[in-house]
Amino acid sequence: SITMARPTHVMLALLACGAASTSAWVATPLGGGHRSLHLVGAARPALVRHRVGALRMVEPGSQVGQTLVKAAEGLSKVVEAKTSATVPALDTAALAKAAEKVANFASHAPQAVQKQLSAVLASIPAELLPFALAAVPATALIFLAASANKAASAPTSPYPNLVYDAEAAKAYYEARPLEYFARLAFIASAASSFGAALALDYLTGGLEKNADARADTLTDLLTQLGPTYIKVGQALSIRSDLVPPAYIKSLTQLQDKVPAVPTAIAKKIIEEELGVPCDSVFKGLTGDPVAAASLGQVYRARLVSDPDVEVAVKVQRPNMLQSVALDMHVLRSSGWILRLAGYVGDVEGLCDDWGVGFVNELNYLDEANNAEIFMTEIANTPLKDAVFAPSVIREASARRVLTTKWVYGERLEKSSADDITSLCSIAMNAYLTMMLETGTMHCDPHPGNLLRTPEGKLCILDWGLVQTIGKDRRYRFIEHIAHLVSKDLDKVPQDLLDLGFIPENQAAVILNEENTRGIALVYTEVMAGGGAAKIDVTKVLTQLESLVDTYGQLFQIPPYFAYIARAFSVLEGIGITNNPDYSIIEECLPYVSQRLLTDSNPRTAGALNTFVFGPDKDNEDRLVDPGRVETLVEGFSSYSSAAAGGGLRGGSKQGTEAIEAAVDQVLALLVVEQPTPLQAIVLEQLAKVVNAQARSAFAQARQRSGVLPNGRTVLGSVLDPFGVFKSSGLVTTDADDERVIKATADLAQILSKLSNQPGVALPTTLSQREFQQVANSVGRKVFERRDGLRATSSRFAAALLRQSLRRLDARDEGDRLTTTLVRRASEVSERAVKRFDP
């Protein structure tokens with residue numbers, strides 16, 4: 001044991017230790033401000049694990065451990081060093097050599113740490129000046145020994161379970177500060193000229209003037225910094241809350257392309273992952289890859305087991321997990337910079353979302369699972385024959401190797417085929433299905449990942465990056481999109497609050513009537529179509545800046561939405577390339593229409609009511625808005641056409657086939673055993689029409705029959721000789737009946753117009769043989785749905801009686817007999833309905 005009067009002398013004592021086998025030091029405080037330093041040799045490993053005070057642990061075989069041993073060479077005994085101790089002679093040559101080696105380690109420390117080392121050197125007493133040369137290296141030894149101590153309890157990998165883990169990475173790199181500081185120094189060095197240029201722009205007022213040039217420089221810098229920063233740049237390209245417009249434009253062009261690693265290294269990785277020689281699995285995997293990106297590269301080959309099968313083999317670059325882990329830790333620990341700049345969002349949450357996505361991309365087995373899950377789920381939708389993912393070859397795939405069947409096709413945005421518009425629609429419907437229905441969404445739809453096959457189908461490649469969306473959030477999005485496409489923009493602010501785009505502490509501000517109109521203005525501009533090029537940017541920014549200037553930061557991009565926004569921004573870019581007036585919100589209509597008409601969930605029912613009734617949806621005398629119904633039917637027709645291949649090879653259905661398809665749709669939507677939101681609305685509105693038309697027809701018939709001297713009509717006197725019903729609401733018309741009849745006429749005109757549109761048109765004339773064929777087919781289809789027809793008929797009868805009773809109650813008529821009869825009939829009908837709707 002060596003007792004020291006000053007903590008500084010502990011460092012010096014280390015250099016006086018003649019214990020080459022020493023693997024750890026334990027410093028414990030003593031009374032009077034002294035410290036006791038115990039040297040623990042390899043023969044006493046138990047003490048290494050015994051924590052007393054500050055435990056300093058170094059692996060004997062490590063680089064640091066070897067350096068410490070070297071520092072002790074030539075010293076053969078333990079010296080009791082006190083303030084007045086006599087210092088023994090040193091092997092200065094060995095000491096100087098060790099000091100030089102350790103100084104190299106210390107040079108990687110930040111300036112602040114180096115200043116502290118200098119202060120330690122200045123505090124050394126005069127009688128210990130022979131140790132001055134070793135003071136700084138000794139401090140470095142303490143620093144490195146402390147890091148080694150943390151390493152003993154830190155994870156052996158930044159992500160022990162091979163999934164993103166911010167806390168494990170923090171513990172890992174805190175125990176390895178040199179790795180962290182070396183990467184930080186490299187990034188700082190690479191970014192220094194860019195930072196200096198920005199600072200100069202700020203001082204000279206040239207930020208806006210030089211934005212384009214600086215944005216291009218940033219794009220080059222991110223490419224230079226490697227895979228993680230390329231991915232970060234791509235993710236930032238849709239973050240308008242973080243990045244100025246000029247930078248977004250440049251980052252959008254960021255290419256995920258880097259030089260390929262040698263094929264020999266790729267084949268070695270294949271052998272490590274599959275456990276067999278590469279040539280025993282793949283034939284023709286030689287030469288350069290067909291594509292090389294930041295995370296991996298792709299080869300075109302054939303299977304040895306089946307030479308007729310051509311495959312795509314994706315091989316991950318070496319050491320990618322370690323590289324991404326270090327960069328994500330650096331990014332996450334630098335979040336305070338954004339907060340200093342005034343950003344109010346969740347920086348760590350954003351980094352964590354990025355990290356989860358980046359690390360998941362590194363597990364190719366997860367990518368294989370994602371592709372197969374998509375194929376399973378899409379098989380249960382109308383899009384099953386229009387879109388697909390490549391088939392995975394499981395026996396030739398592993399965590400860093402993915403093998404799929406080769407897909408022949410051309411990039412969607414470069415195709416000159418005349419069905420690209422239909423394929424863009426299919427792509428949008430497929431992504432909405434993933435986002436709003438299945439909950440597992442492909443989030444990397446860059447143009448190279450969307451192919452048009454020779455058969456006119458859409459193939460989606462690269463399933464490494466996906467976003468999982470919970471059920472509640474999916475329905476919130478459905479409600480939001482329904483509000484958008486039906487132009488119920490007053491509902492949008494509440495939607496944005498529910499979805500996390502507006503902080504909770506700004507709820508009162510955003511729901512203010514004036515601000516609601518402001519948000520509606522912004523959405524009106526965005527929905528006009530044509531992308532950013534056709535938006536009145538000045539008007540939009542003026543409105544938003546006015547809100548922000550008055551109330552502070554109102555909007556945020558929730559972390560979960562980053563990848564979703566990126567996916568749809570890419571789809572919009574492809575759509576605008578094909579059609580300058582492309583509106584991504586309007587393109588949501590087909591899927592939303594189909595979902596609203598077919599989903600029986602109560603929340604979808606609420607969205608459907610909002611869509612077709614508008615502000616009157618909660619009124620008892622509500623009527624469907626013909627214009628909204630037209631929008632809904634058009635959207636559903638567009639979805640059905642795209643899903644069935646309308647516009648693709650094979651064309652749309654014609655003649656009797658079109659009639660039968662239309663009958664199938666109507667029966668599937670309306671003639672069902674279990675009640676649906678759509679059926680409830682249709683039966684409710686149909687009952688209103690039947691009641692109103694019946695009363696109107698009866699009134700006209702009475703007038704045509706003539707009028708008796710007593711003022712009653714002939715027909716009325718014959719049917720009701722005592723005049724019991726002559727003024728009953730059941731037989732007299734009113735303004736509500738006129739509204740219903742007018743709305744019915746408008747709706748009939750709209751549906752007639754829709755039935756004559758290209759791709760929807762039904763034949764107007766049929767031959768006798770065709771008529772008989774259709775009649776037999778419809779009869780058979782109705783008979784097959786006889787249980788659903790009985791249930792639907794009972795619900796319709798109940799709706800008729802329910803509305804009649806409500807009409808009598810509303811008029812407060814004194815005809816108790818009529819009211820009682822209708823009420824009893826209604827009760828019987830309701831009981832019949834419960835047989836089908838328990």
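Note that the coordinates shown come from a computational prediction; the quantities given were computed from them, not determined experimentally.

Peer 1: Hey, could you go over the nonpolar core for me, with residue numbers and the actual values?
Peer 2: Core analysis: the biggest nonpolar cluster contains 120 residues, and Met-441 and Phe-568 have the highest contact counts within it. For this core, the leading source of residues is helix α17 (residues 420–438), giving twelve residues. Setting aside its immediate chain neighbours within four residues, Met-441 contacts Tyr-431, Met-434, Met-435, Leu-465, Val-466, Gln-467, Ile-469, Ile-564, Ala-567 and Phe-568. Among the nonpolar cores identified, the runner-up in size contains 19 residues, and Val-281, Phe-282, Val-309 and Ala-398 belong to it.

Peer 1: Explain a nonpolar patch on the surface to me, using residue names and the numbers behind them.
Peer 2: Side chains of Leu-708, Val-714, Val-718 and Leu-719 sit close together on the surface and give an oily, nonpolar patch of about 340 Å² of accessible area. Here Leu-708 shows up in the loop between α29 (677–704) and α30 (714–719).

Peer 1: Any details on the confidence of the model for the chain? Residues and values, ideally.
Peer 2: With 68% of its residues at a pLDDT of at least 70, the chain reaches an overall mean of 74. Taken as a whole, residues 646–652 scores under 50 in pLDDT and shows 16 contacts with residues more than four places along the chain or in a different chain.

Peer 1: Describe unusual backbone geometry, with residues and values.
Peer 2: The phi angle at Asn-319 is positive, at roughly 60°, despite the residue not being glycine. As for its placement among the helices and strands, Asn-319 is situated in the loop between β8 (310–316) and α13 (320–333). Here Asp-462, not a glycine, exhibits a phi torsion of approximately 60°, which is positive. Looking at where Asp-462 falls in the secondary structure, it is placed in the loop between β14 (458–460) and β15 (466–468).

Peer 1: Account for helix α15 (residues 347–361), naming residues and giving values.
Peer 2: The first and last C-alpha atoms of α15 sit 21 Å apart over 15 residues, in line with the 21 Å expected at 1.5 Å per residue. Within α15, burial applies to Val-347, Gly-349, Leu-350, Cys-351, Trp-354, Gly-355, Gly-357, Phe-358, Val-359 and Glu-361.

Peer 1: Could you give an account of the sheet that holds strand β13 (residues 450–452), naming the residues involved and the relevant values?
Peer 2: Here four strands make up an open sheet; going across it, the order is β9-β14-β13-β11 and the pairing mixed. Each edge of the sheet is formed by a strand with only one pairing partner; in this case those strands are β9 (387–388) and β11 (410–411). Set on the sheet, α17 makes contact with β9, β13 and β14; between it and β14 the angle comes to about 45°.

Peer 1: Pulling in residues and values, what's your account of the pattern of salt bridges?
Peer 2: For the structure on display, the rule yields 23 salt bridges. With its nearest N and O atoms 3.2 Å apart, the salt bridge here joins Arg-476 to Asp-472. Here Asp-472 and Arg-476 lie together in helix α18 (residues 471–485), a separation of four residues that amounts to about one turn. Residue class for Arg-476 comes out partly exposed when judged on its relative accessible area of 27%. The class of Asp-472 is partly exposed, set by a relative accessible area of 41%.

Peer 1: Now, about the pairing of strand β7 (residues 296–303): what can you tell me, with residues and values included?
Peer 2: As paired elements, strand β5 (residues 282–283) and β7 share two bridges and run antiparallel to each other. Paired with Lys-283 across the bridge in β7 is Arg-302. Sheet topology note: the strand β6 (residues 291–292)/β7 ladder contains two bridges and is antiparallel. Each residue of the ladder has a partner; that of Ala-292, found in β7, is Gln-297. In this antiparallel pair of consecutive strands, β6 and β7, the connection spans three residues. The turn joining β7 and β8, which pair antiparallel and follow one another in sequence, is formed by six residues.

Peer 1: Tell me about α13, and please be specific about residues and values.
Peer 2: For α13, with 14 residues, the first-to-last C-alpha span of 20 Å sits near the 20 Å given by 1.5 Å per residue. Of all 14 residues in α13, ten are buried; the element is thus mostly enclosed. Every buried residue belonging to α13 is among Met-320, Leu-321, Val-324, Ala-325, Leu-326, Asp-327, Met-328, His-329, Val-330 and Leu-331, and all of these are buried.

Peer 1: Give a detailed account of the environment of Arg-399, specifying residues and quantitative values.
Peer 2: Within the element layout of this structure, Arg-399 appears in the loop between β9 and β10 (401–405). When its relative accessible area of 24% is taken as the criterion, Arg-399 is described as partly exposed. Discounting residues that sit within four places of it in the chain, Arg-399 has contacts with Leu-162, Glu-273, Gln-316, Leu-362, Asn-363, Tyr-364 and Leu-365.

What counts as what
Residues numbered from 1 in each chain as written. Predicted model: local features only at pLDDT ≥ 70, side-chain atom pairs only at ≥ 80, totals over all residues. Heavy atoms only, no water. Core = buried A, V, L, I, M, F, W, Y, C linked by side-chain atoms within 4.5 Å. Buried < 20%, exposed > 50% of the residue type's maximum accessible area, 1.4 Å probe, protein only. Helix = DSSP H or I, 4+ residues; strand = E, 2+ residues; numbered from the N terminus. Contact = heavy atoms within 4.5 Å. Patch = residues over 30% accessible without salt bridge, like charges linked within 9 Å, V, L, I, M, F, W, Y side chains within 5 Å. Areas by Shrake-Rupley, 256 points an atom, 1.4 Å probe, with all protein chains shown as cover. Salt bridge = Lys/Arg side-chain N within 4 Å of Asp/Glu carboxyl O. pLDDT = per-residue confidence, 0-100. Expected span 1.5 Å × (residues − 1). Pairing = 2+ DSSP bridges. Axes fitted to C-alpha atoms, helices over the stretch in contact; angles between N-to-C directions.

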